[in-house]
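Listed below, chain by chain, are the residues.
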Amino acid sequence: MSGGNLLEVEDLRVTFPTRTGKIEAVRGVSFALGRERLGIVGESGSGKSQTGRAIMGLTPPQAEVSAQKLAFDGRDLLSLPARERRALRGGRVAMILQDPKYSLDPVMTIGRQIVETLRTHEKVSKAEARERALDMLAAVQIRDPKRVFDLHPHEVSGGMGQRAMIAMMLIANPELMIADEPTSALDVTVQLDVLAILDRLVAERGMGLIFISHDLRLVSSFCDRVVVMYAGKVVEQLKASELSQAQHPYTRGLLDCMPKIGADRHPLPVLQRQAEWAL
């Protein structure tokens with residue numbers, strides 16, 4: 001593992017063909033990730049989710065993905081045969097998507113989906129897979145794992161569905177987890193529970209975590225480092241603890257737009273965009 005990095009991304013570009021020409025969704029993104037929590041923050045359309053999908057190999061077939069370097073544990077992901085990339089995906093690298101309603105199969109029970117994920121990546125018996133799935137449901141703080149194991153996704157709440165999704169992604173013991181807005185569909189108290197689960201699992205397992213979000217405050221309190229994206233580019237990288245010292249006017253603008261308790265903020269400041277940020 002070069003320089004202790006789990007993931008190395010250098011000049012990553014994702015381009016989509018359209019009727020009016022090509023659109024660059026990701027434009028020269030570079031960062032490295034160790035066994036830490038890295039937040040990628042930016043507004044809708046900034047390219048943060050497409051960055052995560054490109055790492056996973058989940059970009060739509062019509063898109064073009066290129067990079068000077070896109071390596072996981074020293075292996076070049078772009079030149080990896082499709083079969084090896086599939087084995088890596090869900091095994092050593094996993095991704096939690098935004099809304100469990102669209103990520104879980106509606107006609108399969110939650111337990112069967114978790115068991116299927118484990119048996120795809122490991123040769124284990126059905127009985128052992130069931131036990132490990134129940135243990136994993138308990139690990140994500142689901143109170144009655146045996147009952148939830150036999151339920152379908154529509155029979156559980158959004159928060160429980162998201163926990164089940166996390167259990168399914170963690171069952172094969174991945175080394176890298178990409179969480180794309182994993183708490184945006186949840187209420188605040190459930191958000192904190194889900195973040196606490198991810199935090200504990202990262203600490204216990206020594207995983208690397210990429211946490212994609214539009215919520216700067218959430219990212220700054222949860223992550224070790226922050227990458228700020230705008231119009232498909234990284235405009236700033238810094239430690240989460242140093243976010244208040246951010247230099248780029250876009251990051252400063254995002255910080256200024258957040259309400260502050262006890263301060264007179266009427267009206268709230270408006271982010272003044274500058275054309276040169278997108279260049």
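Here, every reference points to the structure presented above.
Below is a short write-up of the structure. (Residues numbered from 1 in each chain as written. Predicted model: local features only at pLDDT ≥ 70, side-chain atom pairs only at ≥ 80, totals over all residues. Heavy atoms only, no water.)

1. Some remarks on helix α1 (residues 48-56)
And step 1. Within the sequence span of α1, burial applies to K48, T51, G52, A54, I55 and M56.
And step 2. Within two residues after α1, G57 carries a phi angle of roughly 80°, on the positive side. (Buried < 20%, exposed > 50% of the residue type's maximum accessible area, 1.4 Å probe, protein only. Helix = DSSP H or I, 4+ residues; strand = E, 2+ residues; numbered from the N terminus.)

2. Some remarks on the side chain of R163
And step 1. Topologically, R163 is positioned in helix α7 (residues 158-170).
And step 2. Since its relative accessible area comes to 11%, R163 is described here as buried.
And step 3. The contacts of R163, once residues within four sequence positions are left out, are V140, Q141, I142, V190, D193 and I197. (Contact = heavy atoms within 4.5 Å.)

3. Here we look at the sheet that holds strand β7 (residues 93-96)
And step 1. Spatial strand order, β7-β8-β9-β3-β10-β11: six strands in an open sheet with mixed pairing. Two strands close off the open sheet at either side, each with one partner strand: β7 and β11 (233-239). Averaged over all neighbouring strand pairs, the angle between strand axes comes to 15°, with direction disregarded.
And step 2. Pairing between strand β3 (residues 37-41) and strand β10 (residues 225-230): four bridges, direction parallel. Counterpart to I40 in the pairing with β10 is V227.
And step 3. Packed onto the sheet, helix α10 (residues 249-256) meets β10 and β11 and runs at close to 105° relative to β10. (Pairing = 2+ DSSP bridges. Axes fitted to C-alpha atoms, helices over the stretch in contact; angles between N-to-C directions.)

4. Regarding the pairing of strand β1 (residues 7-18)
And step 1. Pairing analysis gives 10 bridges linking β1 to strand β2 (residues 21-33), with the strands arranged antiparallel. By the bridge assignment, V14 is partnered in β2 with V26.
And step 2. In sequence, β1 turns back onto β2 through a hairpin of two residues.
And step 3. Taken together, the three bridges between β1 and strand β4 (residues 64-66) define a ladder with antiparallel strand orientation. Looking across to β4, one finds that T15 is bridged to E64.

5. Remarks on the packing of aromatic side chains
And step 1. Applying the stated criterion across every chain, the model contains four aromatic pairs.
And step 2. Measuring from centroid to centroid gives 4.6 Å for Y230 and Y250, while their planes differ by 50°, and the two rings are tilted. Taken as a pair, Y230 in strand β10 and Y250 in helix α10 lie far apart in primary sequence, 20 residues in all. Of the two residues, Y230 and Y250, neither departs from the other in class, the shared state being buried.
And step 3. Sitting over the face of the ring of F149, R130 holds its NZ or CZ atom 4.5 Å from the ring centroid. (Phe/Tyr/Trp six-rings, centres within 6.5 Å; stacked < 30°, edge-to-face > 60°. Lys NZ or Arg CZ within 6 Å of the ring centre and 35° of its normal.)

6. Considerations on the packing of helix α4 (residues 110-121) against α7
And step 1. The interhelical angle for the contact between α4 and α7, taken along N-to-C directions, is 20°, at an axis separation of 8 Å. It follows from the interaxial angle that α4 and α7 lie roughly parallel. Crossing of α4 against α7: the hand is right-handed. Here α4 contributes I110, Q113, I114 and T117 to the contact with α7, which in turn contributes A164, A167 and M168.
And step 2. Here the residues of the contact of α4 with α7 are counted per class, giving five nonpolar, two polar and no charged. (Parallel < 35°, antiparallel > 145°, perpendicular 65-115°, else oblique. Left-handed = near helix turned anticlockwise from the far one by under 90°. Nonpolar A, V, L, I, M, F, W, Y, C, P; charged D, E, K, R; others polar.)

7. Digging into the nonpolar core
And step 1. Counting 58 residues, the largest nonpolar core has I96, I114, M177 and F211 as its most contacted members.
And step 2. In this view, M177 contacts A94, M95, I96, M169, L170, M207, G208, L209 and I210; residues no more than four positions away in its chain are not counted.
And step 3. The next biggest cluster of nonpolar side chains, apart from the first, holds 30 residues, and it includes A54, I55, M56 and M229. (Core = buried A, V, L, I, M, F, W, Y, C linked by side-chain atoms within 4.5 Å.)

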